[in-house]
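So the chains spell out like this:
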Amino acid sequence: MGAVGQQIEVGQLVKMKRGYSAPGLVLEVNERAGTGWWVRVLWSDEGPGMERMRDLVAQRELEDIDESR
């Protein structure tokens, strides 16, 4: 995941960066040729989905934000 600014790993809780998002559990992370990094997420409210890694924020980053407030 070299060029990616954040490290999202299988088993982490994530949320979408923008708008409301229930937490989701990362099931798989992979790179698709020409389209970048994709993450398979099991959303607590919507079920399974595929999201671009750049659109997600990992739980540890959320904790850092909460601590800075």
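Sequence order sets the numbering: in each chain, residues are counted from 1 along the sequence as written. Side-chain atom pairs in this predicted model are given and counted only at pLDDT of 80 or more, local residue features only at pLDDT of at least 70, and totals for whole chains, interfaces and linings cover all residues. Side-chain numbers here rest on the full set of heavy atoms in the structure, without hydrogens or water.

A. Spatial organisation of the pattern of salt bridges. Any carboxyl oxygen of Asp or Glu that lies within 4 Å of a side-chain nitrogen of Lys or Arg is treated as forming a salt bridge with it. A full pass over the atoms with the stated rule returns 1 salt bridge. For E28, the salt bridge goes to R40, with nearest N and O atoms at 3.2 Å. Of the two residues, E28 sits in strand 2 (residues 24-32) while R40 sits in strand 3 (residues 36-43), which places them 12 residues apart along the sequence. A 1.4 Å probe rolled over the protein chains alone gives each residue an accessible area, and that area as a share of the maximum for its type sets the label: buried under 20%, exposed over 50%, partly exposed in between. Residue R40 is classed as partly exposed on the basis of its relative accessible area of 33%. Helix numbering and strand numbering both begin at the N terminus, where a helix is a DSSP run of H or I of at least 4 residues and a strand a DSSP run of E of at least 2.

B. Structural view of the packing of aromatic side chains. Aromatic contacts are taken between Phe, Tyr and Trp rings whose centres are within 6.5 Å, Trp giving its six-membered ring; a plane angle under 30 degrees counts as stacked, one over 60 as edge-to-face, and the others as tilted. With the rule as written, the count across this model stands at 0 aromatic pairs. For a lysine, the NZ atom is tested; for an arginine, the CZ atom; a charge sits over a ring if that atom is within 6 Å of the ring centre and within 35 degrees of the ring normal. Residue placement shows R32 over the ring face of W38; its charged tip is 5.8 Å from the ring centre.

C. Summary view of the nonpolar core. For the purposes of this section, nonpolar cores are sets of buried Ala, Val, Leu, Ile, Met, Phe, Trp, Tyr and Cys residues that join through side-chain atoms within 4.5 Å. Core analysis: the biggest nonpolar cluster contains 9 residues, these being I8, V14, V26, V39, V41, W43, M53, L56 and A58. Where this core is concerned, the elements lending two or more residues are strand 3 and strand 5 (56-58). Among the elements that line this core, the one with the most residues is strand 3, at 3 residues. It only takes one pair of heavy atoms within 4.5 Å for two residues to be counted as in contact. If sequence neighbours within four positions are ignored, V26 has contacts with I8, E9, V10, G11, Q12, V14, V39 and R40.

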